[in-house]
Amino acid sequence: MKIFRAAALGGTEISMSKGKVVAVVGPTASGKTALAISIAERFGGEVVSCDSMQIYKHMDIGTAKPTAEEQHKIPHHMIDIAEPWESYSVAAFVKTARAHIDGILSRGRLPVLAGGTGLYIDSIINNIEFADYGSDEGYRAELHRLAEEKGAEYVHGLLAEKDPDAAEKIHQNNLRRVIRALEICRLSGKTFTEMNEMSRREPVYDALIFGLNADRQTLYDRINNRVDDMIAAGLENEVKNILDMGVGRDTTAMQAIGYKEFIDYFEGRATLDETVEKIKQESRRYAKRQLTWFKRNPDIHWLMLQDCYSLNKIYQQCFTTIEKFGII
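Note that the coordinates shown come from a computational prediction; the quantities given were computed from them, not determined experimentally.

### With respect to the overall build of the protein
(1) Moving on: Per the secondary structure count, the protein includes 14 helices and eight strands.
(2) Moving on: Of the contacts formed within the protein by residues at least 6 apart in sequence, a portion of 73% connects residues at least 24 apart.
(3) Moving on: Roughly 16,000 Å² of accessible area belongs to the protein as shown, and the carbon and sulfur atoms make up 48% of that amount.

In structure tokens form, the structure reads like this:
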């Protein structure tokens, strides 16, 4: 079994009593999947996807899932575990992901968490306990009615009044999460942010976290190029097939960037070029939100991608840091 020695890295004291994990985070199109796979190859690991949309079956191109070849080379977990018409909660994700992580550790292998969904990564690493707050269907229906009459921005404004921190983290277009945050405020008598802080427990893993980033132009170029590649790979047909399955536009899966933008196109309100540009624009905005989330974490070791020739340098820097972390 590979065991991590006790070490002090970046000011963080590492305990010998906890399972050790490595995580790769960062904005979309920064190269997280490739780095995670390389880490797993080098150090005898398995990848645990922490992407809120890669959990859905049939959504391969737009979510940038690892290829079949990559998944054959290195075991991957938390991919294709739900149908696109299903709702899959953060609590369910964390419970299942932890079971996989514990299984990987029990096999003497290294869990490598990879993904850009900050809430999922933080919930696993920080051992957040999700309480069952129940529901208020009447209040939820009222908020949906307000969203239809006055727009999602109005409902998001209600959250901003009650819990500015939560409103900053939850995008106004993610109406489901906005409404759930307001519902929890109503049911608990506390803000969504306060409830999250109260739910944090002693972490069960020692985590070494890498963040991939690039200067703005490099990152935006990578995002734009990847969207073009997705279109060339058949994203339009992938979205159409999902809609043909009867997956509604209001489902969680159809809120994914690269999918929801095609609805206007299929309904004749946008051209293909406009749709592609909208996907690029929303992807760039999402990258900014991801960076805002991750940069709050002082424990992340940032690796900067400047050009294609810096990849080898970044990988070596990452491997050296892991070795200093202490693998025997």
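### What about the sheet that holds strand 5 (residues 76-77)?
(1) Moving on: Read from one edge of the open sheet, six strands run 5-4-6-3-7-8, paired in parallel fashion. Unpaired on one side and paired on the other, strand 5 and strand 8 (300-305) mark the two borders of the sheet.
(2) Moving on: Of the pairings in the sheet, the one linking strand 3 (residues 19-25) to strand 6 (residues 110-114) comprises three bridges and is parallel in character. Looking at strand 6, one finds that valine 22 is bridged to valine 112.

### Quick word on the layout of surface pockets
(1) Moving on: In this structure, the second largest pocket occupies an estimated 860 Å³ of space.
(2) Moving on: Forming the walls of the second largest pocket are 30 residues, and the residues nearest its centre are Asn173, Arg249, Asp250, Gln255 and Lys260.
(3) Moving on: Looking at the lining of the second largest pocket, the elements with two or more residues in it are helix 5 (137-150), helix 8 (175-188), helix 12 (262-266) and helix 13 (272-294).
(4) Moving on: In terms of residues, the lining of the second largest pocket owes the most to one element, helix 13, which gives five residues.

### Thoughts on the packing of aromatic side chains
(1) Moving on: Counted by the stated rule, this structure contains six aromatic pairs.
(2) Moving on: Taking 5.8 Å as the distance between ring centres and 75° as the angle between the ring planes, the aromatic pair formed by phenylalanine 262 and tyrosine 265 counts as edge-to-face. Here the residue phenylalanine 262 and the residue tyrosine 265 both occupy positions in helix 12, the gap between them amounting to three residues, near one helical turn.
(3) Moving on: Judged by its relative accessible area of 0%, phenylalanine 262 falls in the buried class.
(4) Moving on: The exposure class assigned to tyrosine 265 is partly exposed, which follows from its relative accessible area of 22%.

### Some details on the side chain of glutamine 290
(1) Moving on: Residue placement: glutamine 290 occurs in helix 13.
(2) Moving on: Engagement of the side chain of glutamine 290 in a polar contact is seen with the backbone oxygen of glycine 116, the distance being 3.1 Å.
(3) Moving on: Contacts of glutamine 290, omitting those with residues within four sequence positions, involve Gly26, Pro27, Thr28 and Gly116.

### So, the nonpolar core
(1) Moving on: If you look at the biggest cluster of nonpolar residues, it comprises 45 residues, and the most contacted ones within it are Tyr56, Phe93, Ile101, Leu113, Ile124 and Tyr259.
(2) Moving on: Contributions of two or more residues to this core are made by strand 3, helix 3 (90-106), helix 4 (118-125), strand 7 (205-214), helix 10 (216-233), helix 11 (235-244), helix 12 and helix 13.
(3) Moving on: If you tally residues by element for this core, the top one is helix 3, at seven residues.
(4) Moving on: Non-local contacts of isoleucine 101, meaning those with residues more than four positions away in its chain, are made with Val21, Val48, Pro111, Leu113, Ile124 and Tyr205.
(5) Moving on: In terms of nonpolar packing, the next biggest core, distinct from the first, is built from 31 residues, Ala40, Ala287, Tyr315 and Phe325 among them.

### Things to note about helix 3
(1) Moving on: The end-to-end C-alpha separation of helix 3 is 24 Å, in line with the 24 Å expected for 17 residues at 1.5 Å each.
(2) Moving on: Residues of helix 3 that are buried: Val90, Phe93, Val94, Ala97, Arg98, Ile101, Gly103, Ile104 and Leu105.
(3) Moving on: For helix 3, the elements touching its buried residues are strand 3, strand 4 (45-49), strand 5, strand 6, helix 4 and strand 7.
(4) Moving on: Glycine 108 occupies a position one or two residues after helix 3 and carries a positive phi of about 75°.

### Structural notes on the side chain of lysine 18
(1) Moving on: Mapping lysine 18 onto the fold places it in the loop between strand 2 (12-13) and strand 3.
(2) Moving on: Of note is the side chain of lysine 18, whose polar atom sits 3.2 Å from the backbone oxygen of proline 203.
(3) Moving on: If sequence neighbours within four positions are ignored, lysine 18 has contacts with Glu202, Pro203, Val204, Tyr205 and Asp206.

### Description of the pattern of salt bridges
Side chains that carry opposite charge are capable of pairing whenever their charged atoms lie near each other.
(1) Moving on: All chains considered together, the criterion is met by 24 salt bridges.
(2) Moving on: For the salt bridge of arginine 109 with glutamate 46, the shortest nitrogen-to-oxygen distance reads 3.0 Å. Of this pair, arginine 109 sits in the loop between helix 3 and strand 6 while glutamate 46 sits in strand 4, and the two are 63 residues apart along the sequence.
(3) Moving on: Of the residues examined, arginine 109 reaches a relative accessible area of 30% and is grouped as partly exposed.
(4) Moving on: The residue glutamate 142 makes a salt bridge to arginine 145 at a minimum N-O spacing of 2.5 Å. Of this pair, glutamate 142 and arginine 145 both sit in helix 5, three residues apart, which is roughly one turn of the helix.
(5) Moving on: Overlapping salt bridges bring together Glu137, Arg140, Arg180 and Glu183 as one network.

Quick notes on the rules
Residues numbered from 1 in each chain as written. Predicted model: local features only at pLDDT ≥ 70, side-chain atom pairs only at ≥ 80, totals over all residues. Heavy atoms only, no water. Helix = DSSP H or I, 4+ residues; strand = E, 2+ residues; numbered from the N terminus. Contact = heavy atoms within 4.5 Å. Areas by Shrake-Rupley, 256 points an atom, 1.4 Å probe, with all protein chains shown as cover. Pairing = 2+ DSSP bridges. 1 Å grid on protein atoms, 1.4 Å probe; cavity = no way out; pocket = protein on both sides within 12 Å on 5 of 7 lines; lining within 4 Å. Points joined across faces, edges and corners; volume = space filled by probe spheres on them. Phe/Tyr/Trp six-rings, centres within 6.5 Å; stacked < 30°, edge-to-face > 60°. Buried < 20%, exposed > 50% of the residue type's maximum accessible area, 1.4 Å probe, protein only. Polar contact = N/O pair within 3.5 Å; in protein donor to acceptor, adjacent residues only side chain to side chain. Core = buried A, V, L, I, M, F, W, Y, C linked by side-chain atoms within 4.5 Å. Expected span 1.5 Å × (residues − 1). Salt bridge = Lys/Arg side-chain N within 4 Å of Asp/Glu carboxyl O.

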